[in-house]
Amino acid sequence: MKAVLPNKPLGQALDLTEPPIIIDRRGYPVDISGDRWELNEPTSKIVLDWSVMALRNLEIENAFKRYFGWLITAQSPVSVRNAFHFLPCFTQTAAFRAAEDTSSTIPYLAFSEARAALKKADHWKLHYARQVYRWCEAQGYPHFDFDVSCQLDDLVIGGNTKGQAVRSKNPNKGPLDAQEVASLTNALRAARLTNSIPLAEQALVWLALSTGSNAIQYACLREEDLQEEKLGDEVVAYILRIPRHKKGHVHHRAEFKERRLTRFVGELIADLVAQNRANYPDIESSPAARPILRSSSPSYGHNQPLAEWAWHLKASEVNKMLQRAVKQLGVLSRTGEPLHVTTRRFRYTLATRAVDSGASAYEVADALDHSDLQNVGVYFDVHSNIVEHLDQTMALALAPRAQAFAKLVENEASAIRGDVSGSRVYHGDRERDLTEPVGTCGNHSFCNVSAAPLACYTCPMFQPWMDGPHDLVLESLLRRREKSVEQGLNQKMIAMNDHVIIEVAGVIQRIADKRAEQHG
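J.: Whenever I open this one, the side chain of threonine 349 confuses me. Can you help?
T.: Within the secondary structure, threonine 349 sits in helix α15 (residues 343-356). Its relative accessible area of 2% is what places threonine 349 among the buried residues. When residues no more than four places from it in sequence are discounted, the contact partners of threonine 349 are Pro175, Leu176 and Val181.

Right under this line is the structure:
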């Protein structure tokens, strides 16, 4: 590795005749000749911009630059970015600025002022400033005092608060509730039938629901990570190798966690891989790898250090794709607003649903790929979000959350395939010995749904008749739910059809709105 700085006094500027180059932890070169240091991070664009730091003392600035030059060789680009990003909470204090202007020692008061200015939940950010100060003092650089460094050793800063969004059940940041998950999965199944959103977006939302991984991990996935298990010539299962994250590895794809996918999700990912291969054939001379989630344009040229990552999405692009997909699906949150999602929310959701299903702390830790149980306790502190009592009044109140998959028609005669024998969808009520038609199936191919008419209310091919007895369907579902409560069944069994109840209520409400509109 070339020296971060040749043996020049700290008071001299860093602009040298030949750009100084250092080699980062992964073995890639980093040019630190100017005020913008671009780091080699394939999953995000990271630039340390010293002009933004606006340091006024050249000796202090050069000391900081030497620290970050060393940090680049020792830690990941993301860790370096975090250290740089949180340093201004210290450098913008009055005591620090005064030390710069008078070219004197940076006092402990600068830390006290920074601590006072930060919210208690943000005190952890001072860890980075403490590390910089102690390193610079240990190197013997001016303006950094041994006594202050000793005081910093005794400073109790505290850690980053974790789990608040989960504990508070924050409707915009915490785990999705049962109805939100049901609405999302129903919308995704409908999208698979209608191709209403791109295949890559469908795949990403299903992966987020199924694996709860981080955006960086999805950005690092490659086609080779999807593996088939076969019995003879038949594919019987799909395994996805997900790159492990935050395990101290130098490279992103150094170790993998295998996750078994459902057949539905596995086939969808396999279709995406096939689509990518058809649309983007291999270029023999290209060093670029083949990601599952592919960028529309390359981020790096053939001769750049990160050339193999040219077609990978950045982590921020993964979250944007996820948000765009859910927005297009039209799913509403419990607040009545469009559902806001991030990969983190899906991670919270995976863990809380695992706890609701009776998983142990070890099983939750394994699902999240945690190395220990330190951060899983929060998921056991929250109570189930399943509605205990659901009657007709509440069902109709929740109707606005219905996804409105089904397309209303006035009657059978106005339905697509309304004249086709066998296209009618019936509601049967054994207790009342009733069998009534409620709508028409518009699917021209074989439908493998055995739970008609309940599953039909979540299908875009179903056409409920406006003159159909949907109130009887709702009444029957609510009676069945109440019996489950009386029998003492667990909450998951009780709430099994809640999403259907809300969809039926949604149909009833839409019919009422349509009738009101027709009658002025």
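J.: Help me out: how do you make sense of the pattern of salt bridges in this one?
T.: When charged atoms on two side chains of opposite charge get close, those side chains can pair. Enumeration over the complete set of coordinates arrives at 32 salt bridges. A salt bridge links arginine 26 to glutamate 41; its shortest N-O distance comes to 3.0 Å. Within this pair, whereas arginine 26 is found in the loop between β1 (21-23) and β2 (29-31), its partner glutamate 41 is found in the loop between β3 (36-38) and β4 (47-49), the two being separated by 15 residues in sequence. Residue glutamate 41 is classed as buried on the basis of its relative accessible area of 1%. Where glutamate 308 meets arginine 222, a salt bridge forms, and the shortest distance between an N and an O atom there is 2.9 Å. Note that glutamate 308 is positioned in the loop between α13 (263-279) and α14 (315-329) and arginine 222 in the loop between α12 (215-220) and β5 (226-231), a separation of 86 residues in sequence. Overlapping salt bridges bring together Glu223, Arg277, Asp282 and Arg290 as one network.

J.: Can you help me understand the sheet that holds strand β9 (residues 434-441) in this one?
T.: The strand order β8-β9-β10 describes an open sheet built from three strands, whose pairing is antiparallel. In this open sheet, the two edge strands, each paired with only one partner strand, are β8 (424-429) and β10 (462-464). Sheet twist, expressed as the average angle between the axes of neighbouring strands with direction ignored, equals 45 degrees. Taken together, the six bridges between β8 and β9 define a ladder with antiparallel strand orientation. When the bridges of β9 are listed, valine 425 appears paired with glycine 439.

J.: How do you make sense of the nonpolar core when you look at a structure like this?
T.: The nonpolar side chains of soluble globular proteins are, as a tendency, buried together. Ranked by internal contacts, the top residues of the largest apolar core, which has 52 residues, are Leu184, Val205, Ile269, Leu293 and Phe346. Those elements that provide at least two residues to this core are α10 (178-194), α11 (199-211), α12, β6 (234-243), α13 and α14. Ranked by the residues each element gives to this core, the list is headed by α11, at nine residues. Other than its neighbours up to four places away in sequence, isoleucine 269 contacts Ala203, Leu207, Leu226, Leu261 and Ile292. With 45 residues, the next largest nonpolar core counts Leu48, Tyr67, Phe84 and Tyr133 among its residues.

Scoring rules and cut-offs
Residues numbered from 1 in each chain as written. Predicted model: local features only at pLDDT ≥ 70, side-chain atom pairs only at ≥ 80, totals over all residues. Heavy atoms only, no water. Helix = DSSP H or I, 4+ residues; strand = E, 2+ residues; numbered from the N terminus. Buried < 20%, exposed > 50% of the residue type's maximum accessible area, 1.4 Å probe, protein only. Contact = heavy atoms within 4.5 Å. Salt bridge = Lys/Arg side-chain N within 4 Å of Asp/Glu carboxyl O. Pairing = 2+ DSSP bridges. Axes fitted to C-alpha atoms, helices over the stretch in contact; angles between N-to-C directions. Core = buried A, V, L, I, M, F, W, Y, C linked by side-chain atoms within 4.5 Å.

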